[in-house]
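These are the residues of each chain, in order.
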Amino acid sequence: MNTWILAPITALLFTIVSLPVALAEENGNDIPITQTLYVHGGAYTHFHDDDDYEGNPLFLGAELIRSDQWLYGLGLFNNSFDQFSQYVYGGYQFEFDNSLQNFHAKLTAGIIHGYKGEFQDKIPFNNSGYAPAIIPSVGWKKDKLGFDVILLGKAGLLFTVGYDFFEF
């Protein structure tokens, strides 16, 4: 990967990882942070059909969601062109007030790897199979069970079902 793209991606990921700690220290917050392991899986659909689409639209992911709503995750999927791909990310989960109880929105940013060869131009800023990504979603979670709809740019939607396995 060229250094011109590696430097801003590294800076972005460092900021995402360090911001919650900096905010807690700045506010003098001594409340212990807990984390929940949320595992989710699902399938995606495209907004438009393409003759090049041949992969099974399956996704499996794991997130550590902190009690301060910051999260870190890894998504594994077979992209639309039958190439094994990964998304490593950090982000934030926005909780709504009582009028939308159990609903949330997430905004994540990270690096997608796996779109290679003739399909590397199918995602923006792809350089040697690596590309930065910002991915929004909305969801609903009751107790430990959750459902999310994730926007995949202008390509499609990912529908997932997940479960909180344990808190530590």
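In this text the structure is predicted, and so the values were computed from the model without any measurement.

Procedures and definitions
- Once a new chain begins, its residue numbering starts again from 1 and follows that chain's sequence as written.
- pLDDT decides what is reported in this predicted model: residues at 70 or higher carry local features, side-chain atom pairs at 80 or more are listed and counted, and totals for whole chains, interfaces and linings draw on all residues regardless.
- Water and hydrogen atoms were dropped before computing side-chain values, which therefore reflect all heavy atoms in the structure.
- Note on terminology: a nonpolar core comprises buried Ala, Val, Leu, Ile, Met, Phe, Trp, Tyr and Cys residues joined through side-chain atoms within 4.5 Å.
- Using a 1.4 Å probe on the protein chains alone, a residue whose accessible area is under 20% of its type maximum counts as buried, one over 50% counts as exposed, and one in between counts as partly exposed.
- A run of H or I in DSSP becomes a helix once it reaches four residues, and a run of E becomes a strand once it reaches two; helices and strands are each numbered from the N terminus.
- Contacts: residue pairs with any heavy atoms within 4.5 Å of one another.
- A patch consists of residues whose relative accessible area exceeds 30% and which take part in no salt bridge; residues with like charges are grouped when within 9 Å of each other, and nonpolar side chains (Val, Leu, Ile, Met, Phe, Trp, Tyr) when within 5 Å.
- Note that accessible areas follow from Shrake-Rupley with a 1.4 Å probe, and for residues the cover is restricted to the protein chains shown.
- Take a side-chain nitrogen of Lys or Arg and a carboxyl oxygen of Asp or Glu: if they are within 4 Å of each other, that pair is a salt bridge.
- The positive count covers Lys and Arg only, the negative count covers Asp and Glu only, and His and the chain ends enter neither.
- A single reference atom marks each charge: NZ on Lys, CZ on Arg, CG on Asp, CD on Glu.
- Two strands form a pair only when DSSP identifies at least two bridges running between them.
- A score from 0 to 100, pLDDT tells how confident the predictor is in each residue.

### Considering the nonpolar core
Move 1: Formed by 18 residues in total, the largest nonpolar core has its most connected members in Phe77, Tyr87, Ile112 and Tyr115.
Move 2: For this core, the secondary structure elements donating two or more residues are strand 1 (35–46), strand 2 (58–66), strand 3 (70–78), strand 4 (84–95) and strand 6 (130–142).
Move 3: With residues up to four places along the chain from it excluded, the contact list for Tyr115 reads Phe77, Asn79, Phe81, Gln83, Ser85, Gln120, Lys122, Ile123, Asn126 and Gly129.

### Points about a negative patch on the surface
Move 1: Together, Asp49, Asp51, Asp52, Glu54, Asp82 and Glu118 make up a negatively charged patch on the protein surface.
Move 2: You can see Asp51 is positioned in the loop between strand 1 and strand 2.
Move 3: For Asp51, a relative accessible area of 80% puts it in the exposed group.

### What to know about the pairing of strand 7 (residues 145–152)
Move 1: The pairing of strand 6 with strand 7 spans six bridges and is classified as antiparallel. The partner of Ser137 across the bridge, within strand 7, is Ile150.
Move 2: Two successive antiparallel strands, strand 6 and strand 7, enclose a turn made up of two residues, where Asp143 displays a positive phi of approximately 55°.
Move 3: For strand 7 and strand 8 (residues 156–167), the ladder comprises eight bridges, and the chain directions are antiparallel. In the sheet register, Asp148 faces strand 8, and the bridge partner there is Thr160.
Move 4: The antiparallel hairpin formed by strand 7 and strand 8 contains three residues in its connecting segment, where Gly153 sits at a positive phi of about 60°.

### Structural notes on the confidence of the model for the protein
Reading fine detail from the predicted coordinates is not recommended where pLDDT is low.
Move 1: Summing up the model confidence of the protein, the mean pLDDT is 87 and the portion of residues at 70 or higher is 82%.
Move 2: Confidence, read as mean pLDDT per element, is least for helix 1 (residues 3–26) in the protein (54) and greatest for strand 7 (98).

### A word on the environment of Ile150
Move 1: By the element assignment, Ile150 lies in strand 7.
Move 2: Once the C-alpha coordinates of Ile150 and Tyr44 are considered, the two residues, 106 residues apart in sequence, prove to be 8.8 Å apart.
Move 3: Ignoring sequence-local partners within four residues, the contact set of Ile150 consists of Ile135, Pro136, Ser137, Gly156, Leu157, Leu158 and Thr160.

### Digging into the pattern of salt bridges
Move 1: Scanning the model with the defined rule gives four salt bridges in all.
Move 2: Across the pair Asp50 and Lys122 runs a salt bridge, and its minimum N-O distance is 3.7 Å. Of the two residues, Asp50 is situated in the loop between strand 1 and strand 2 and Lys122 in the loop between strand 5 (103–113) and strand 6; the sequence distance between them amounts to 72 residues.
Move 3: You can call Asp50 partly exposed: its relative accessible area is 25%.
Move 4: Of the charged contacts in the structure, one is a salt bridge between Arg66 and Asp68, with a shortest N-O distance of 2.8 Å.
Move 5: We classify Arg66 as buried; its relative accessible area is 13%.

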